[in-house]
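Architecture and fold: a report
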Amino acid sequence: LTTNIIPHVTSNFIKKDYKGVNYRVNQAMSTILIITVPMSLLLLMLSNEGYYLFYGASNYGSLILKFSAISHTFLGIWTVLSSSLQGMQKFKIIYRNSFIGIITNAALDLPLILLFNKIGISPYIATVVATSIGYSTSIILTLIYLKKTMKFEYQKTIEILKKIILPCICMILPIIVGKQLFTYNVSTLTSFISLAIYGSIGMIIYLFMTYKNNSLQEVLGEDLINNVLKKLHLKK
């Protein structure tokens, strides 16, 4: 996605079609959000099973994976924005905002570790929080820059974000209820079965609801969605 956006952004930018650039950036950010947010939430909910299946038992691995899943959504957005800036030849802005984000991350690491330890929260979570804040700082600075210099608007991305909130909630509810009703010892077999069942149920609910509220069609295109449904024999 980030590779494909560069030529489109470059083409629109050279033509001084800033509305076209704005559209491409919003489209890319919306795509990242509609894909990575549910995947991050599923990974957060199923981190124990996911980590055990691939890496085996660990006291801290699944917990770190749980919180790292969320930070990767910020990474996805920042990657899209930095690629867009690259397409516009705004390398100084990339370096500046990346540097500010890294400094913010580094400056917060130790204070947050000490704070989390003092209030009884696992200190390693602080590093993930610091990383997320660092990415968020770079993202916000870039969005402000694009709005000031090229009059960018982000209403489409905001609307998509609003539309996926309810589907995401409905997606994780069966997992929460299922884990309360059915307890089991984590093993390779149970991890695989849990990931398959909960993952499938969650994604079916999410895809159904995002299709019904038209967010999938808005982001990925109605023709693409219809072609997929026809291949799955879900639509004539």
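Each residue is numbered by its place in its chain's sequence as written, counting from 1. Local features in this predicted model are restricted to residues whose pLDDT is 70 or higher, and side-chain atom pairs enter the listing and the counts only when it is 80 or higher, whereas totals over whole chains, interfaces and linings include all residues. The side-chain values count all of the structure's non-hydrogen atoms but skip hydrogen atoms and water molecules.

So, on to a nonpolar patch on the surface. For patch detection, residues must exceed 30% relative accessible area and be free of salt bridges, and they are connected within 9 Å for like charges or within 5 Å for nonpolar side chains (Val, Leu, Ile, Met, Phe, Trp, Tyr). With residues, only the protein chains shown are counted as cover, and all accessible areas are computed by Shrake-Rupley using a 1.4 Å probe. Salt bridge, as used here: a side-chain nitrogen of Lys or Arg that lies within 4 Å of a carboxyl oxygen of Asp or Glu. A cluster of nonpolar residues, Ile165, Leu166, Ile169, Leu173 and Ile176, forms a patch on the protein surface that exposes about 430 Å² of accessible area. Secondary structure follows DSSP: runs of H or I at least 4 residues long count as helices, runs of E at least 2 residues long count as strands, and numbering of each begins at the N terminus. Tracing the backbone through its elements, the reader meets Ile165 in helix H7 (residues 155-181). Summary of the burial criterion: residues with accessible area below 20% of their type's maximum are buried, those above 50% are exposed, and those between are partly exposed, where the area comes from a 1.4 Å probe applied to protein chains only. You can call Ile165 partly exposed: its relative accessible area is 46%.

This paragraph deals with helix H4 (residues 61-87). Each residue after the first adds 1.5 Å to the expected span of a helix. With 27 residues, H4 extends 37 Å from end C-alpha to end C-alpha; this agrees with the ideal 39 Å at 1.5 Å per step. Along H4, the sharpest change in direction is near 30° and occurs at Ala69. Note on H4: the residue one or two positions beyond its end, Gln89, has a positive phi of about 60°. Fitting axes to the seven residues that end at a residue and to the seven that start at it, the angle between those axes gives the bend at that residue.

For residues with low pLDDT, the predicted coordinates do not support detailed interpretation. The predictor attaches a confidence to each residue, called pLDDT, with possible values from 0 through 100. On average, residues of the protein chain score 88 in pLDDT, and 99% of them are at 70 or above. When mean pLDDT is compared element by element in the protein chain, helix H5 (residues 91-118) scores highest at 94, while helix H1 (residues 2-14) scores lowest at 80.

Now for the nonpolar core. Where a protein is soluble and globular, its nonpolar side chains tend to be buried together. Within this scheme, the nonpolar core is defined by two criteria: the residues are buried Ala, Val, Leu, Ile, Met, Phe, Trp, Tyr or Cys, and they are joined through side-chain atoms within 4.5 Å. Within the largest apolar cluster, 40 residues are counted, with the highest numbers of intra-cluster contacts made by Leu81, Met88 and Leu146. Per-element accounting of this core gives the leading share, 10 residues, to helix H2 (residues 18-45). Working rule for contacts: check all heavy atoms of both residues, and any pair within 4.5 Å makes them a contact. Not counting the four nearest positions on each side in its chain, Met88 is found in contact with Val9, Phe13, Val21, Leu146 and Met150. Counting residues in hydrophobic clusters, the runner-up holds 5 residues, among them Leu112, Ile125, Ala126 and Ala130.

Moving on: the packing of helix H3 (residues 47-55) against H4. All axes here are fitted lines through C-alpha atoms, helices being fitted over the stretch that makes contact, and every angle between N-to-C directions spans 0 to 180 degrees. At a closest axis distance of 8 Å, the pairing of H3 and H4 adopts a crossing angle of 120°. Taken as axis vectors, H3 and H4 run oblique relative to one another. For the pair H3 and H4, the sense of crossing is right-handed. Residue-level inspection shows Ser47, Asn48 and Tyr51 of H3 in contact with H4, the latter providing Gly61, Ser62, Leu65 and Lys66. For classification purposes, angles smaller than 35 degrees are called roughly parallel, those larger than 145 roughly antiparallel, those between 65 and 115 roughly perpendicular, and all remaining angles oblique. Note: crossing handedness is left-handed where the near helix turns anticlockwise from the far helix by less than a right angle, and right-handed where it turns clockwise.

Looking at helix H10 (residues 222-231), one finds that the buried residues are Ile225, Asn226 and Leu229. Considered in projection along H10, the buried side chains sweep an arc of 100° and stay on one side of the axis. In H10, the exposed positions that point more than 90 degrees away from the buried face belong to Asp223 and Lys231. Directly beyond the C-terminal end of H10, a positive phi value near 60° is found at His233. Read the arc as the range of directions from the helix axis to the C-beta atoms.

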